Structures are given as C-alpha cells and as structure tokens.
Amino acid sequence: MKQWIIVGLCCLSLNTFAQSDDSLVMRSISDEIMMHGKCYDDLRVLCKQIGHRLSGSPQAVKAVEWGQRAMEDAGADMVWLQAADVPRWVRGEEHLKFKFGKDKNYREVRVLSIGNTVGTDGKILEAPVIMVNSINEFDQLDKGLVEGKIIYFNYRFRQDLINTFEGYGDAGRYRWLSPNIASAKGAAGVIIRSVSTGVDDEPHTGSMRYADTVKPIPAVAIGNTSADMLEAKCRAGMVTAQIQSECKMYDTVRSYNVIGELKGTEHPEEIIVVGGHLDSWDVGEGAHDDGAGCVQSIEVIRALKALGIRPKHTIRAVLFMNEENGLRGGFAYGDSAKAKNEPHIIAIETDAGGFSSRGIGLDMSEDKKERIRGFRNLFLPYGVYDFEHDEGGADISPLQRMGVPVAGLMPDPQRYFDLHHTARDVFENVNHRELKIGATTLAGFVYLVDKYGLGPTAPLKDMNIGSTPYSQRKAK
Ligand SMILES: [Zn+2]
C-alpha cells in the first residue's frame, strides 16, 4: 500500500514538473512573439505593398513571391512552391440603381457583385424588384411572378447567435443558393442583403457557384442600411432596379501554395501543418481574411527557430492559394500529400480573423481531443480556454477527408463579420497585440502536439471524390 502511494506521488510530481516545464516554454514563446514578433510587420507589407490579391490576379503573383521571402526570412529550413491551377474572376465596374414608385430618377447605392457571378456585359439590366424575406417565402412564389424579375433576398444575419460563425453559416446560404434558386424559376437577377453583422452600408462579397442545371444570372450584395431602405421601399410600393456590371470568369491560371518547413529531428516523415490562405477577395486588403492567418503561420516557424526549439516532427507552414473562390490550393496540397504518402499528425488552420484567440476547435477522434484538452491549463494565462467546438478549416478539409485530425484557431468572433469580404478589411483594423496572441496560441499548440504527439498517426486514406485528382480538374 505504502509503495503504491510513493509511486503515485512520484508520478504526480513528474507530471507537475512536466507541466511547469511546459508552462515556462509557453511563456518563452509568448515573450518571443509579443516582444520580437514579426507577424505585424509582415502583415503591413502584405497589405500595404501588395494589397488585395484575388486568385489569378497580378497581386496574387506578388503575394506568392512575398510569401516565399517571408518564409525564408523566418528561418524555415526549406521553402518551396506547390502548383495549383486557379480560376480567374475579374469584377470590373458595377452599379446598382433603384427607382421608387412614380419617381423619375434612379438613385445609386453601394454594391458588390457576389464572387464568381456573371455580369451584364456592361449593359443595363432593368427589371421590377420582388422582395422575399426567406428562401421559404421564395419557394411559395409562382414561376410566372418570378420570371424576368430581380429578386431581393432580404434575409438578415441572425444577431441572436453569439457565435457569429453560426450566423455566417445560416445567412451564407443566401449568397450560395439564391442565384441558383432564382434562376431556376426564371429570374433575371438577384440582390441579397449582405452576409454582415455590421450596422452600416458596407457591401460584403464572397463566393458562390452556379449549378450546372441553371442559366447563370447576375447577383449582387448591398449593405445593411441600403437593405433596410430597400425593404421599406418594397413594402411601400413598386421598385425598379438597374444592375450594370462587367464581372466575368476567365481561363484558369497557374498559381501556387507557398510552403516552409522546419525539419523534424526524430520523425521527419511525420508532419504537423499550420496554415492560412494567401488569396483574398478583390476589395480591402485581405488583412483579417486571411493575411492574419498567413503571417501567424510564418510566425510559428520564426518563433520556434528563434528560441532554438528543434521539433521532433516536421512543422510545415502553408500559405494556401484560392481558398476564397475555388479551394484549388487546398486540394493541390491534399493531392501531393497523398501522392507522396506523407502521414500528417494534425493540420491546423487559422482563418477566422486576427482577433484575440479564445480557443482551438478540434475535429478528430475523442481520444485525441482528450489528449489536447489535457493541455488546457497551459493556455489559460493567454485567455485561451475553449477546446469544445468541432472546427477545422476549408483549406485543410481535403486532408480531413483523408483522415487527418484537424483543428482551427478560434479568435473572438464579434467583429469579424463587420469586416469580412469588404473594403474595410484593411491593415488598420488589425490590432498588433491580438494578432500576436493568436500566433502565440498557435506556436504553443504546435510545440505541445510535437512534444507529446496525438497517438498513432494513420496513413492517408483516399479522398474519394472521383478518379481525377481534384487539383487537376478544370476550374469552373
Ligand atoms: Zn478566409
């Protein structure tokens, strides 16, 4: 009995020692990033010298060159580019005007076409507006009433949901679905209330994809205050709209993911990925979405290297191309990992804004989640407490389909959807401390997963989405 107690105490003290040892390393990582971190300076260069960088644009080419240099400067052992063929969508000029009731003149409002949509070839598309408050309401409308009209989907972002990412999933359906369902009933065009928490007139763009079965029709988004005004006018009487836009999809363009790695000392063949996406929408500077995630991922490499922490496994920072309107970079990475038979311990994405981190979402088996939750106390001094949500990220979803455990950094979500996919997503709206705290959380997490592992690492399964590797399929 006595012996058991002694053995028990021994284990306890060893464990406590390991925890306090780890808490000292976590502190040194935090000090390194908060006091000497380069991620904020990197973000300034990306945002101010390159700016927004939609896939296939000249700025995206510059961003790839920038990413390569930044990885080298961070001290990565090896830096390389991974090819991905991406769609090239160009916005051009766009206008939206309304005429209310018996008014003679049109009134212009701020507008952004939804990404990947067709335009009007610069001509004016004029039609009466029919307002619906939900998809359900739209489904009740007769085809005869919809034909030739511009349908206004007046669906509001649900402000009652505290996690705005849930609200985004809910209201986001309107951006993804409305051009398809409206076209299927013969509509001429679509206007949506932006997928936005903001109390302002900022239009938000974002991706959609036409179903093969419908005729592509123009679709545009307006800010919340214009949307309120349009709602009131539609209730009061007849509204006519004019949409004029030049946006167009061009041929696929060769682009690249940027990858930098620290080689593992004990199991170099096993990989830990931390990444964000290098492309952005073609407004603002893609500062929160996802310049922040790119510079944080590079910072993980830089901080570990600067502190002389040599990882046991290979740590890879990946700047994925084309998350916003095609996910070609994510699939290119997945295809390559599968072809080279590279086992992945975990893939971590940071693509939820450069705000103070509150948690890390985990999408993996329960036993792996429990191992990670065992680290919770080490994160509490940094305000990171939430390990309960299932989260990953779009770029790492191909890896997830191949059985790789995935995780996503979860920053405070209250301000992200005020800025997301707008002209206001600029460097000035990122706070340097909050950005660095996110990088600290990621670097600490990578350090702990590398040190303790997550149990046996499985070989990659097939992605099971057809015979042609996704990254080699023709982009639509
Ligand atoms: Zn993003």
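What counts, and where the lines are drawn
- Throughout, residues of each chain are indexed from 1 in the direction in which the sequence is written.
- Only residues with pLDDT of at least 70 get local features here, since the model is predicted, and only at 80 or more are side-chain atom pairs given and counted; chain-wide, interface and lining totals rely on the full set of residues.
- Numbered from the N terminus, helices here are DSSP runs of H or I no shorter than four residues, and strands are runs of E no shorter than two.
- Once C-beta atoms are placed from the backbone, each residue is buried if 20 or more other C-beta atoms lie within 10 Å of its own, exposed if 12 or fewer, and partly exposed for counts between those two.
- For every residue pair, C-beta atoms are placed from the backbone, and the pair is scored as a contact if these atoms sit within 7 Å.
- As used throughout, domain bounds are those supplied by an automatic or database domain assignment.
- Only Asp, Glu, Lys and Arg are considered charged in this grouping, and only Ala, Val, Leu, Ile, Met, Phe, Trp, Tyr, Cys and Pro are considered nonpolar; every other residue, Gly among them, is considered polar.
- Strand pairing requires that DSSP identify at least two bridges connecting the strands.
- A right-handed crossover is one whose linking path, passing over the helix from the first strand to the second, runs clockwise when the strands point away from the viewer.
- In this scheme, a helix's expected span is set at 1.5 Å multiplied by one less than its residue total.
- For helices, the axis comes from a line fit to the C-alpha atoms of the stretch in contact; other axes are also lines fit to C-alpha atoms, and the angle between any two N-to-C directions lies between 0 and 180 degrees.
- For classification purposes, an angle smaller than 35 degrees is called roughly parallel, one larger than 145 roughly antiparallel, one from 65 to 115 roughly perpendicular, and anything else oblique.
- If you view the pair so one helix is near and one far, a crossing is left-handed when the near helix is turned anticlockwise from the far one by less than a right angle, and right-handed when it is turned clockwise.

Caption draft 1: Broad picture of the overall build of the protein chain. Scanning the protein chain for helices and strands turns up 14 helices and 15 strands. Overall size of the protein chain, expressed as C-alpha extent along the three principal axes, is 90 × 45 × 40 Å. Taking all 476 residues of the protein chain together, 50% fall into the buried category. Counting only contacts in the protein chain whose residues sit at least 6 apart along the sequence, the fraction spanning at least 24 positions is 82%.

Caption draft 2: Structural detail: the environment of Trp-66. Among the secondary structure elements, Trp-66 is positioned in helix H3 (residues 58–74). In sequence terms Trp-66 and Val-45 are 21 residues apart; their C-alpha atoms lie 8.6 Å from each other. Among residues more than four places away in sequence, those in contact with Trp-66 are Val-45, Leu-46 and Ile-50.

Caption draft 3: Molecular detail of the domain arrangement of the protein chain. For the protein chain, the domain assignment lists domain 1 (25–85 + 251–472) and domain 2 (92–246). Averaged C-alpha coordinates put domain 1 and domain 2 at centres separated by 33 Å. Across the contact, 14 residues belong to domain 1 and 17 residues belong to domain 2. Residue composition of the side of domain 1 that touches domain 2, by class: six nonpolar, five polar and three charged.

Caption draft 4: Geometry of the sheet that holds strand S5 (residues 125–132). What the eight strands build is an open sheet, ordered S3-S2-S9-S5-S6-S7-S8-S4; its pairing is mixed. The open sheet terminates on both sides in strands that have one partner only, identified here as strand S3 (107–109) and strand S4 (112–113). The pairing of S5 with strand S9 (residues 239–245) spans four bridges and is classified as antiparallel. For Glu-126, the partnering residue across the bridge sits in S9 and is Gln-242.

Caption draft 5: Local environment of the environment of Gly-122. Among the structural elements, Gly-122 can be located in the loop between S4 and S5. Remark: the alpha-carbon pair of Gly-122 and His-52, spanning 70 residues in sequence, is separated by 23 Å. Each residue touching Gly-122, except ones within four places of it in the same chain, is listed here: Gln-244 and Glu-246.

Caption draft 6: Seen up close, the pairing of strand S12 (residues 313–320). In terms of burial, S12 is a largely internal element, eight of the eight residues being buried. Alignment of strand S10 (residues 248–262) against S12, held across five bridges, turns out to be antiparallel. Bridge assignment links Val-258 to a residue of S12, and that residue is Leu-319. Bridge count for strand S11 (residues 267–277) against S12 is eight bridges, and the pairing is parallel. If you follow Ile-272 over to S12, its bridge partner there is Ile-315. For the segment spanning S11, helix H8 (residues 287–306) and S12, crossover handedness is right-handed.

Caption draft 7: Representation of unusual backbone geometry within the structure. Between Asp-289 and Asp-290 the backbone carries a cis peptide bond, its omega angle lying at -5°. Its location among the elements puts Asp-290 in helix H8. Non-glycine residue Asn-322 carries a positive phi angle of around 75°. Tracing the backbone through its elements, the reader meets Asn-322 in the loop between S12 and helix H9 (328–339). With a phi angle near 65°, Leu-327 is a residue other than glycine that sits in the positive phi range. Overall, Leu-327 belongs to the buried group, with 23 C-beta atoms counted inside 10 Å.

Caption draft 8: A look at helix H14 (residues 432–452). With 21 residues, H14 should reach 30 Å at 1.5 Å per residue; the first-to-last C-alpha distance of 30 Å fits that figure. The first or second residue beyond H14 is Gly-453, which carries a positive phi of 70°.

Caption draft 9: The packing of H8 against H14, seen in detail. Packing of H8 against H14 leaves a shortest axis separation of 9 Å and a crossing angle of 50°. With respect to their mutual orientation, H8 and H14 come out oblique. Helix-helix and strand crossings are classified by hand; for H8 and H14 the assignment is right-handed. Residues Ala-292, Gln-296, Glu-299, Val-300, Ala-303 and Leu-304 of H8 form the contact with H14, whose participating residues are Leu-435, Gly-438, Ala-439, Leu-442, Ala-443, Val-446 and Tyr-447.

Caption draft 10: The environment of Ala-83, seen in detail. Within the secondary structure layout, Ala-83 lies in strand S1 (residues 78–90). Separated by 284 residues in sequence, Ala-83 and Asp-367 place their C-alpha atoms 35 Å apart.

Caption draft 11: Representation of the packing of helix H2 (residues 39–50) against H8 in the model. At their nearest, the axes of H2 and H8 sit 9 Å apart, and the two run at 135° to each other. Judged by the angle between their axes, H2 and H8 are oblique. Considering the relative orientation of H2 and H8, their crossing is right-handed. Every residue of H8 that contacts H2 at Cys-39, Asp-42, Leu-43, Leu-46 and Cys-47 is listed here: Ala-287, Gly-291, Ala-292, Cys-294, Val-295, Gln-296, Ile-298 and Glu-299. Within the contact of H2 with H8, the residues separate by chemical class into nine nonpolar, two polar and two charged.

Caption draft 12: Expanded view of the sheet that holds strand S13 (residues 344–349). Spatially, the seven strands line up as an open sheet ordered S1-S10-S12-S11-S13-S15-S14, and their pairing is mixed. In the strand order of this sheet, the two ends are held by S1 and strand S14 (357–363), each with one partner. Direction aside, the axes of adjacent strands within the sheet are offset by 20° on average. Inspection of the sheet shows S14 paired to strand S15 (residues 406–411) by six bridges, in the antiparallel sense. Across the sheet, the residue bridging to Gly-359 is Met-410, located in S15. Along the sheet, H3 makes contact with S1, S10 and S12, crossing S10 at roughly 0°. Across the face of the sheet, H9 comes into contact with S1, S10, S12 and S13 while running at roughly 140° to S1.

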